[in-house]
Amino acid sequence: MKKTADPSWPDEVHALLSAAGVRQVAVVPDAGHARLIRLCEKDKSMCVVRLTTEEEGVALLAGAWLGGEKGVLLMQSSGVGNCINMLTLPIACQFPLLMLVTMRGDHGEFNPAQIPMGNTTQAVLEAMGVIVKRADRAEDVTEMVSGTLRLAFNTYRPVALLIGQRVLGAKDFRKLTQSVPK
Amino acid sequence: MSKLLRRREVVTELLKGRGDLMVIGGLGAPAWDITHAGDHDLNFPLWGAMGGAAMIGLGLALAQPKRKVLVVTGDGEMLMGLGALATIAVQRPRNLSIVVFDNERYGETGMQETHTAHGVDLAAMAKAAGFAQAPGVRTMGEVSKLRKRIHAGEGALFAQVKVDPEKLPLVLPPRDGSYLKNRFRVALLGPDALQQ
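Note that the structure is a prediction, hence the values are computed from the model and not measured. (Residues numbered from 1 in each chain as written. Chains lettered and ligands numbered in written order. Predicted model: local features only at pLDDT ≥ 70, side-chain atom pairs only at ≥ 80, totals over all residues.)

Honestly, the nonpolar core in this entry has me stumped. Any pointers?
A general feature of soluble globular proteins is that nonpolar side chains tend to end up buried together. Within the largest apolar cluster, 110 residues are counted, with the highest numbers of intra-cluster contacts made by A:Val58, A:Ala62, A:Leu73, A:Val101 and A:Ile163. Ranked by residue count, the leading element in this core is helix H3 (residues 53-63) of chain B, at nine residues. (Core = buried A, V, L, I, M, F, W, Y, C linked by C-beta atoms within 7 Å. Buried ≥ 20, exposed ≤ 12 C-beta atoms within 10 Å, placed from the backbone. Helix = DSSP H or I, 4+ residues; strand = E, 2+ residues; numbered from the N terminus.)

Can you walk me through the sheet that holds strand S2 (residues 47-50) of chain A in this structure?
Two pairing modes exist for strands in a sheet, parallel and antiparallel, and in both the strands are linked by backbone hydrogen bonds. Residues and elements named next belong to chain A. Spatially, S2-S1-S3-S4-S6-S5 is the arrangement adopted by the six strands of the open sheet, whose pairing is parallel. In this open sheet, the two strands that pair with only one neighbour each are S2 and strand S5 (131-135). Each adjacent strand pair in this sheet contributes to an overall mean axis angle of 20°, direction not counted. In this sheet, strand S6 (residues 158-163) lies alongside strand S4 (residues 97-102) in parallel orientation, the contact comprising six bridges. Residue pairing for S6: Leu98 is matched across the bridge by Val159. The strands touched by helix H3 (residues 54-66) within the sheet are strand S1 (22-27), S2, strand S3 (70-76) and S4, with S3 carrying the most contacts at an inclination of about 175°. (Pairing = 2+ DSSP bridges. Axes fitted to C-alpha atoms, helices over the stretch in contact; angles between N-to-C directions. Contact = placed C-beta atoms within 7 Å.)

Which parts of the structure should I look at to understand the interface of chain B and chain A?
It is common to give the size of an interface as the accessible area that goes away when the parts come together. Counting residues at the interface gives 28 residues for chain B and 25 residues for chain A. Among the elements of the structure, H3, helix H5 (83-91) and helix H8 (177-189) of chain B are those that each provide at least two residues to the side of chain B that touches chain A. In the side of chain B that touches chain A, the residues fall into 16 nonpolar, ten polar and two charged. (Nonpolar A, V, L, I, M, F, W, Y, C, P; charged D, E, K, R; others polar.)

Is there a simple way to explain unusual backbone geometry in this structure?
What is expected of a backbone is that most residues other than glycine have negative phi and most peptide bonds are trans. Residues and elements named next belong to chain B. Cis geometry marks the peptide bond from Gly155 to Ala156, where omega comes out at 5°. Here Ala156 shows up in the loop between helix H7 (140-152) and strand S8 (157-162). One non-glycine residue, Glu104, lies in positive phi territory at about 60°. Following the sequence through the fold, Glu104 ends up in the loop between strand S4 (96-102) and strand S5 (105-106).

What is the right way to read the sheet that holds S8(B) from this model?
Residues and elements named next belong to chain B. Here we have six strands laid out as an open sheet, ordered S2-S1-S3-S4-S8-S7, and parallel in their pairing. Either end of the sheet is taken by a strand with one partner, and the two such strands are strand S2 (43-45) and strand S7 (136-137). With respect to the sheet, helix H2 (residues 29-36) is in contact with strand S1 (22-25), S2, strand S3 (69-74) and S4, its orientation differing from that of S3 by roughly 130°.

Could you clarify how one ought to interpret the pairing of S1(A) in this entry?
Both faces of the sheet carry side chains from a regular strand, because those side chains alternate between them. All names here are of chain A. For S1, a buried count of six out of six residues is recorded, marking the element as mostly surrounded by other parts of the structure. In this sheet, S3 lies alongside S1 in parallel orientation, the contact comprising five bridges. From the neighbouring strand, Val22 faces S3, where its bridge partner is Lys70. Note that S1 and S2 share four bridges and pair parallel. The partner of Gln24 across the bridge, within S2, is Cys47. As a crossover connection, the stretch from S1 through helix H2 (residues 34-42) into S2 is right-handed. (Right-handed = clockwise from strand over helix to strand, strands pointing away.)

Set out below in structure tokens:
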């Protein structure tokens, strides 16, 4: 497994979101977002809203924009399927929506059950009319977040950035059978 | 003659003297109900997004903590987004009220029964999720009390109002989502909202 040691992009992305005035951070956790979630939780200018399912975040952030606040939805690619009908809201009403999606069922996946959703994440989002961009190298993530953030909020659209599993490293299930991670 | 409350009378009472109350209307009859009480720039009636009304209310309530937010929705719509009860209860927004008009039916699709016709108790579910206040409302006197609580902003508040499964003429709000969004934002945030 190839994994970037202590990547700097979560810190840079947090700084970007903060500078852009993002206040509501809607979250269904993923290991790939763990550091960014921690940074947002520590940030007193941000309100982290834990969700039971990702579609709640799509609705939450429509409400946030009605009330004059920007938000971001942090989620895993498996959750994209949960969002599909709720994406009606940002599409029909032209709400800005930034979805930062960490990929599963992608580069080096171990779990067969992750493949059906992971392999179709981009196609499914695009079929709904969401603009989709990808970052497959750690050094590209910050710049891609910057670009997708501006796309979403300048042009009032749902935009998803898929952060590839190559950036995050695939979960090593076999290793987890040997020892409990600290 | 049913003794159940009539939804249009309830909504008219809840929105009486609404002031700057912001109102989300869930997909279907609740959207027609809030429009029946008077179309308003601070109404956001939903033409879709089933299961999302309460969460839209949460995003709005968090963004505008000094203003009151009322979500009026139906039992079918609420049942589709039950997780929102947990998410909202954890956030505890004092300025958010969710009122479910529970006619125990999917009214827009042929009056098929929902789970609430078979014992599922939405108010009890809201309580179990952590809403300190989740009254069941059965009389117009209780509706008047509910109205006061909504306007007092001492939530988060959930209320289940059992209503007659009557068939009523639709009262349609504008259906251009971008218009509904922009008129709401301008009414709340001023004309500069369109420059953001």
